[in-house]
Amino acid sequence: MFGFILRRLIVTIPMVIIVVSLTWGLIRLAPGNFYTGEKKIPPAIEKNLREKYGLDKPWYVQYGKMVWNIVRLDFGTSLKYEGQSVNSILARTLPVSATLGFLAYLLALFVGVTAGTIAALKQNSRLDYSSMALAMLGISLPNFVLGPILVLIFSLTLYWLPPTRWGGFPSLNLILPVITLSAVYMAYIARLTRSGMLEVLRADYIRTARAKGLSEKAVVLRHALRGGLMPVVSYTGPALAFLIAGTVVVERIFVYPGLGTYFLNACLNRDEPLIIGIVAFISISVLIFNLLVDIAYGFIDPRIRY
Amino acid sequence: MNGRNGNILEVRDLRTYFQTEDGTVKAVDGVDFELKRGETLGIVGESGSGKSVTNLSIIRLIPDPPGKIVSGEIIFDGQDILLLKTEEVRKIRGKRIAMIFQDPMTSLNPFMRISRQLMELTELHLGYTRDQAYEHAIKMLETVGIPDARSRVDSYPHEFSGGMRQRVMIAMALSCEPELLIADEPTTALDVTIQAQILELIKSLKQETGTSVILITHDLGVVAGMTDHIIVMYAGKVFEQARTRELFATPGNPYTKGLLRSVPDPTSEQGALYQIPGLPPDVAHLPPGCPFAERCERAEDICRREFPPFVALTPDHHSLCHFAEEVYSTSKREREARAGARSQEQVLDLE
Amino acid sequence: MNEDKPDIIDEPARTQPAFDTLGTPPKAPIRAREGDTIHPTHELIVGEGDVRTAERGEGEFIAGTSLWKDAWKRLLKNKLAVFGMIVVAIIILVSLIGPPIVKAATGYTYDYIPSENQKSYPPFTAPDGSFSWTHPMGTDNAGRDILARVLLGGRISLMVGIISTIVSLIIGVSYGATAGFLGGKVDDLMMRIVDVLYSLPYLIVVVVLLAFFGGQSALSQLFLLFVALGAVSWLTMARIVRGQVISLKNQEFVMAARATGVSNSKIIFRHLVPNTLGPVIVYATLTIPQVMLTEAFLSFLGFGVQAPLASWGSLANDGVQNIAIFPWQLIFPGVTMALALFSMNFLGDGLRDALDPQMRKV
């Protein structure tokens, strides 16, 4: 087990380096520079700028410096937000995005697992069909359509909830963004739970459990749920990667000062240290999260040994 | 107390149908049998003959939909199980009627410790506390011959071999000292050497506890030494029923004869094994006549046209065949002709 | 005469009728919507009925034809899939023939900015506020007809969806087939790479790519989108094809090809790949809406399709700015897109259930 974690962490580091190098390469290969903006800059100032940011050095020196920064987890200073270190920006924006993502995933798990289990137990009933059609709608309705529509209904028409802006935790401002972000995952998890449960409910060991005289509740909760949720557990890894993309959209719609908003601005402003910092941070957290999921897998399924 | 005339179980005209895209599958279509307290009944048939569905029907474990018990009576200890409420059936399942399934690899919950799976039963049905149930679980594992039971009781199923898992299944089934044990192909998924051990175990436990047993199998060799009575099923119907000794000695149905011929006989010199030609029929689209007619050596026109009668050859020996009497008397003659032959002796001595 | 005799009475289960009475309760009817699981690998067999036909010596070809015919029949029985199929067909048709009709009827094209009345009008409203058929979906801030733009958006979104899916198909099928065919350590390595790629936040790298390389011209941006989206959506396809190839490669026709000295690449692409067609089609159908959604996501953030072209995502991006005052600017493209994706997903699900009920979806 310990060896497994260690091995996985060792693989993680090159993975992060690869993703970040790819990003760095893209930035460097792109035409133009962060300072080539609207107006022409005199050559003397350009030379100064290049020296200041180390752009006069050969590429491998710059690349080495970037990698070294990642290894010590210090990503330097933002170009756009002058005087602010990338780390301080991360520290400020992460809580916003993490709150949003975490709450959304919790909600999705709760609603999705409940709906999926009920649909599986009542397979081919009207309830099953309607909840699965709703889930399909959840998958098909892009969050940038759902979000504004929710705002239109609940904020601008009914005046029940504030339309936008971060209001800390907990606050009413979180309700619409969290629902918007979690809709897709709710839908996916409901579908995964349903099919996972359907498969497990047909398993021989469920028949054994029934033959023991257990109540339907005990059969489902004690015997079936665990196996039925395996697909949901394995979906958690990929879901996180998508959750981050979703956060970018939701933060944009609801004007949240989160990681996603800063990432978008950094891309638009060609703020290289900030982009690298955010990409590296996201890659590291996604990979670590995946590792946690794999470990959890081992706890849930005793047949898996590392 | 013992229900009517000492029978622990009477099944009357049981019909269990499945709705499929292909039409209605009459998996069990009018099955009758009874089992006396303390006796062992063998149900023999090819796959698809309805023998497992019959037994799942007894404890009402037919998945509905697509399956449904359409009609019949299942009288267990004087009570018709089909008339009971679900909760009442649950009190019978696992406590008074226990089942052992075919594949021990998949029949135990892979996510749960063996101890938990055993304790569940006694906690539920006998009201044991955790500690009592735990001790009982260990005792049961010892009873079924699992060495070092105390240290292995907390293992997960995948840490056991196939034979050991089947022993666990048996321990589980016998936890509440059931009055009826249904063993559905308990040895099919196991290695040949393990098969013998498991059968021996069931036999000896049955003798100790006095439980009645239904043993479902496709292998006549398995039932020969274990049962008092045998019913042979084909295409959802009982083709023949008789005392074990009688059935082996003088079968009254061509299908049973075919089955007996396909049992390898170590003393015979013939090289190739006999095999009934053809495949079991598609139960969703049965012809009007005898379902076995297509594969039967004795079949005549009437067999394809008319459904055969269930002929009583003796009060305790019935056969579903237009020519039951004829087949029966042929069997008798053959038996007399070979009376001294060693191979026949062996079959008879098995009882 | 005892236990140690082989199974002779019972033939193996493959020759069984429609359901299995040997202990296992029968599975739900074949078409029951049971396929919605994640499964790491997709080892898929033809329907049981076809195995039977094939075993009776009528050859693979017949089994194949009846597989497609049965699948079509099953698909038609699935109401939601038929609904999806019809809606998808209508959307494709309307996107193709709609713009010239709109132009003929109202004079508006997707980029036509009227010289006056450059403001946003609600649906069915003329500049003087009276009812009018000219703009059934209203106009945008520049006075452009939203219907014309939604139709163009449909063309672009569908094109991006289909072309990127083809790109992902090419990568995924070659990769998966190679891994599955070569097997062993190569397979392990190749699939391990897929596992790792699965868990990478590739979308943010795509955003960086588009942010830095995009914006030259609307067309080069489109091209970039095809490649970027195709390059990130082949992973599941590779897994499916690999599973298929593994289950196929030990079959007789492949053995025969090998024995006669056919080269590996020919075996892969002539013999194995064509036999994986069913699941590949199913998954491709499901990939199109996913890719369209990703495109919309990128366009919504401003990194996708650039003006004067429009996709449903970029229209939604324009619309969301004015949601409080001009909600129709978001609602029409947004709802159209949701409807399209919804029907495509149903069609894909239906195809999957029809082609193979065992197949699971990621």
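Residues numbered from 1 in each chain as written. Chains lettered and ligands numbered in written order. Predicted model: local features only at pLDDT ≥ 70, side-chain atom pairs only at ≥ 80, totals over all residues. Heavy atoms only, no water.

Colleague: Before we move on, could you go through the overall build of chain C and cite the residues and values that matter?
Modeller: The secondary structure content of chain C amounts to 12 helices and 0 strands. Helices (α) and strands (β) of chain C occur, in sequence order from the N terminus, as α-α-α-α-α-α-α-α-α-α-α-α. Counting over 362 residues, chain C shows a buried share of 55%. Carbon and sulfur atoms form 65% of the exposed surface of chain C, whose accessible area is close to 15400 Å². (Helix = DSSP H or I, 4+ residues; strand = E, 2+ residues; numbered from the N terminus. Buried < 20%, exposed > 50% of the residue type's maximum accessible area, 1.4 Å probe, protein only. Areas by Shrake-Rupley, 256 points an atom, 1.4 Å probe, with all protein chains shown as cover.)

Colleague: For the overall build of chain B, give the residues involved together with the corresponding values.
Modeller: Each helix and strand in chain B was counted, giving 14 helices and 12 strands. By the compact-globule yardstick of 20 Å for 351 residues, chain B fits well, its C-alpha radius of gyration being 21 Å. With the C-alpha coordinates aligned to their principal axes, the bounding extent of chain B is approximately 65 × 45 × 40 Å. Residue burial in chain B is summarised as follows: out of 351 residues, 57% are buried. (Rg over C-alpha atoms; globule rule 2.2 N^0.38 Å.)

Colleague: Provide a residue-level description of the nonpolar core, including the pertinent values.
Modeller: The biggest cluster of nonpolar side chains holds 128 residues, and the ones touching the most others in it are Phe144(A), Phe263(A) and Ile275(A). Ignoring sequence-local partners within four residues, the contact set of Ile275(A) consists of Thr23(A), Ile27(A), Phe263(A), Ala266(A), Cys267(A), Val208(C) and Phe212(C). (Core = buried A, V, L, I, M, F, W, Y, C linked by side-chain atoms within 4.5 Å. Contact = heavy atoms within 4.5 Å.)

Colleague: Outline the pattern of salt bridges, listing residues and values.
Modeller: All names here are of chain B. Inspection of every chain in the model, using the stated rule, returns 24 salt bridges over all chains. Ionic pairing is found between Asp13 and Arg15, a salt bridge with its closest N-O pair at 3.0 Å. With a shortest N-O distance of 3.6 Å, Arg243 and Glu39 are connected by a salt bridge. Taken together, the positions of Arg243 in strand S10 (residues 237-243) and Glu39 in the loop between strand S2 (23-36) and strand S3 (40-44) put the pair 204 residues apart, joining distant regions of the chain. The class of Glu39 is buried, set by a relative accessible area of 19%. (Salt bridge = Lys/Arg side-chain N within 4 Å of Asp/Glu carboxyl O.)

Colleague: Go over the interface of chain A and chain C with me, naming the residues and quoting the values.
Modeller: If you look at the interface, chain A gives 61 residues, while chain C gives 55 residues. At the surface where chain A touches chain C, the tally comes to 0 salt bridges. Across the chain A-chain C interface, the total number found is 4 residue pairs in polar contact (both at pLDDT 80 or more). Counting residues per element, the ones that place at least two in the side of chain A that touches chain C are helix H1 (2-29), helix H5 (126-140), helix H6 (143-157), helix H7 (175-201), helix H8 (204-211), helix H10 (230-254), helix H11 (259-269) and helix H12 (272-300) of chain A. (Polar contact = N/O pair within 3.5 Å; in protein donor to acceptor, adjacent residues only side chain to side chain.)

Colleague: Describe helix H6 (residues 218-232) of chain C, and please don't skip the residues or the numbers.
Modeller: Compared with the 21 Å implied by 1.5 Å per residue over 15 residues, the 21 Å span of H6(C) between its first and last C-alpha is a close match. Here the buried face of H6(C) lies against helix H3 (146-182), helix H5 (202-213) and helix H10 (277-300) of chain C. (Expected span 1.5 Å × (residues − 1).)

Colleague: Please give an account of unusual backbone geometry that cites residues and values.
Modeller: Negative phi values dominate among residues other than glycine, just as trans dominates among peptide bonds. Residue and element names in this part refer to chain B. Notably, Asp13 is not glycine yet its phi reads approximately 50 degrees, a positive angle. A residue is classified by how much of its surface remains accessible, and Asp13, at 31% relative accessible area, is partly exposed. Phi is positive for Arg60, close to 55 degrees, though the residue is something other than glycine. Along the chain, Arg60 turns up in the loop between helix H1 (51-58) and strand S4 (67-76).

Colleague: Account for the sheet that holds strand S5 (residues 79-80) of chain B, naming residues and giving values.
Modeller: Residue and element names in this part refer to chain B. Taken together, 4 strands build an open sheet; the order of strands is S2-S1-S4-S5 and the sheet is antiparallel. Strands at the two margins of the open sheet, each flanked by one partner only, are S2 and S5. Both S4 and S5 contribute to a ladder of 2 bridges, which runs antiparallel. In the sheet register, Phe76 faces S5, and the bridge partner there is Gln79. Contacts from H1 reach strand S1 (7-20), S2 and S4 within the one sheet, and its direction differs from that of S1 by about 115 degrees. (Pairing = 2+ DSSP bridges. Axes fitted to C-alpha atoms, helices over the stretch in contact; angles between N-to-C directions.)

Colleague: Outline the interface of chain B and chain A, listing residues and values.
Modeller: Listed per partner, the contact involves 25 residues of chain B and 20 residues of chain A. With both chains or domains summed, chain B and chain A bury close to 2100 Å², and 62% of this area falls on carbon and sulfur atoms. Summed over the three residues of chain B that lose the most area to chain A, namely Arg90(B), Phe111(B) and Glu120(B), the buried surface amounts to 32% of that side. Counting the contacts that link chain B with chain A gives 2 salt bridges. One salt bridge connects Glu120(B) with Lys212(A), and the closest N-O pair in it is separated by 2.7 Å. Summed over the shared surface of chain B and chain A, the number is 12 residue pairs in polar contact (both at pLDDT 80 or more). Breaking the side of chain B that touches chain A down by element, the ones donating at least two residues are helix H3 (104-107), helix H4 (114-125) and helix H7 (162-174) of chain B. Ranked by residue count, the leading element in the side of chain B that touches chain A is H4(B), at 5 residues. In terms of residue class, the side of chain B that touches chain A is made up of 14 nonpolar, 7 polar and 4 charged. (Buried area = accessible area lost by both parts, 1.4 Å probe. Nonpolar A, V, L, I, M, F, W, Y, C, P; charged D, E, K, R; others polar.)

Colleague: Help me get a handle on a nonpolar patch on the surface, residues and values and all.
Modeller: There is a patch of nonpolar side chains on the surface, built from Ile86(C), Ile90(C), Ile92(C), Leu93(C), Val94(C), Leu96(C), Ile97(C) and Ile101(C) and spanning about 710 Å² of accessible area. With respect to the secondary-structure elements, Leu96(C) resides in helix H2 (residues 79-106). (Patch = residues over 30% accessible without salt bridge, like charges linked within 9 Å, V, L, I, M, F, W, Y side chains within 5 Å.)

Colleague: Can you explain the pairing of strand S9 (residues 229-234) of chain B? Please cite residues and give values.
Modeller: Residues and elements named next belong to chain B. Burial analysis of S9 places 6 of its 6 residues in the buried class, which makes it a mostly covered element. Every second residue of S9 is oriented toward a common face, with His229, Ile231 and Met233 on one face and Ile230, Val232 and Tyr234 on the other, all of them buried. Connecting S9 to the antiparallel partner S10 that follows it, the hairpin turn spans 2 residues, and Ala235 within it adopts a positive phi of roughly 50 degrees.

Colleague: I'd like to hear about the sheet that holds strand S11 (residues 310-314) of chain B, residue by residue, with values.
Modeller: All names here are of chain B. Taken in spatial order, the 8 strands make up an open sheet running S6-S7-S8-S3-S9-S10-S12-S11, and their pairing is mixed. Edge positions in the sheet fall to strand S6 (97-100) and S11, since each of these pairs with one other strand and no more. Neighbour-to-neighbour, the strand axes of the sheet open up by a mean angle of 20 degrees, direction not taken into account. As paired elements, S6 and strand S7 (residues 180-184) share 4 bridges and run parallel to each other. Bridge pairing links Met99 to Ile182 in S7. Across the sheet, helix H11 (residues 254-261) touches S3, S9 and S10, and the angle it forms with S9 is around 105 degrees. On the sheet, helix H13 (residues 324-337) packs against S11 and strand S12 (317-320) and is oriented at approximately 35 degrees with respect to S11.

Colleague: Can you tell me about the packing of helix H4 (residues 184-198) of chain C against helix H7 (residues 235-249) of chain C, naming the residues and giving the values?
Modeller: Residue and element names in this part refer to chain C. Packing of H4 against H7 leaves a shortest axis separation of 10 Å and a crossing angle of 150 degrees. Classified by the angle between their axes, H4 and H7 sit roughly antiparallel to one another. The handedness of the crossing between H4 and H7 comes out as left-handed. Here Asp187, Met191, Val194, Asp195, Leu197 and Tyr198 of H4 lie close against H7, whose contacting residues are Leu235, Thr236, Ala238, Arg239, Arg242 and Ile246. Looking at the contact of H4 with H7 residue by residue, the class counts come to 7 nonpolar, 1 polar and 4 charged. (Parallel < 35°, antiparallel > 145°, perpendicular 65-115°, else oblique. Left-handed = near helix turned anticlockwise from the far one by under 90°.)

Colleague: Report on the pairing of S7(B), specifying residues and quantitative values.
Modeller: Residue and element names in this part refer to chain B. With respect to burial, S7 is a largely interior element, 5 of its 5 residues being buried. A two-sided burial pattern is seen for S7, the buried positions comprising Leu180, Ile182 and Asp184 on one face and Leu181 and Ala183 on the other. Sheet topology note: the S7/strand S8 (residues 212-217) ladder contains 5 bridges and is parallel. Paired with Ile182 across the strands is Ile214, a residue of S8. Read as a crossover between parallel neighbours, the route from S7 over helix H8 (residues 192-209) to S8 is right-handed. (Right-handed = clockwise from strand over helix to strand, strands pointing away.)

Colleague: Describe the packing of aromatic side chains, naming the residues involved and giving the relevant values.
Modeller: Residues and elements named next belong to chain B. On inspection of all chains with the given rule, the structure shows 12 aromatic pairs over all chains. Between Phe239 and Tyr255 the ring centres are 5.9 Å apart and the planes differ by 75 degrees, which places this aromatic pair in the edge-to-face class. Of this pair, Phe239 sits in strand S10 while Tyr255 sits in helix H11, placing them 16 residues apart in sequence. Using a relative accessible area of 1% as the deciding quantity, one classes Phe239 as buried. (Phe/Tyr/Trp six-rings, centres within 6.5 Å; stacked < 30°, edge-to-face > 60°.)

Colleague: If you had to explain the side chain of Asn109(B) to someone new, which residues and values would you point to?
Modeller: By the element assignment, Asn109(B) lies in the loop between H3 and H4. At a separation of 3.0 Å, a polar atom in the side chain of Asn109(B) contacts the side chain of His223(A). Excluding residues within four positions of it along the chain, Asn109(B) makes contact with Tyr205(A), Arg222(A), His223(A), Gln117(B) and Pro157(B).

Colleague: Outline the confidence of the model for chain C, listing residues and values.
Modeller: Parts of the prediction with low pLDDT should not have their coordinates interpreted in detail. All names here are of chain C. Across chain C, the average pLDDT comes to 70, with 72% of residues at or above 70. The least confident element of chain C is helix H1 (residues 48-77), whose mean pLDDT is 51; the most confident is H3, at 85. Here residues 1-63 is a poorly scored stretch, pLDDT under 50, and it has 161 contacts once near neighbours within four places are set aside; other chains count. Scored below 50 in pLDDT, residues 358-362 shows 33 contacts in the model against residues more than four places distant or in partner chains. Of the two predicted TM-score estimates for the complex, the pTM is 0.78 and the ipTM is 0.81. (pLDDT = per-residue confidence, 0-100.)

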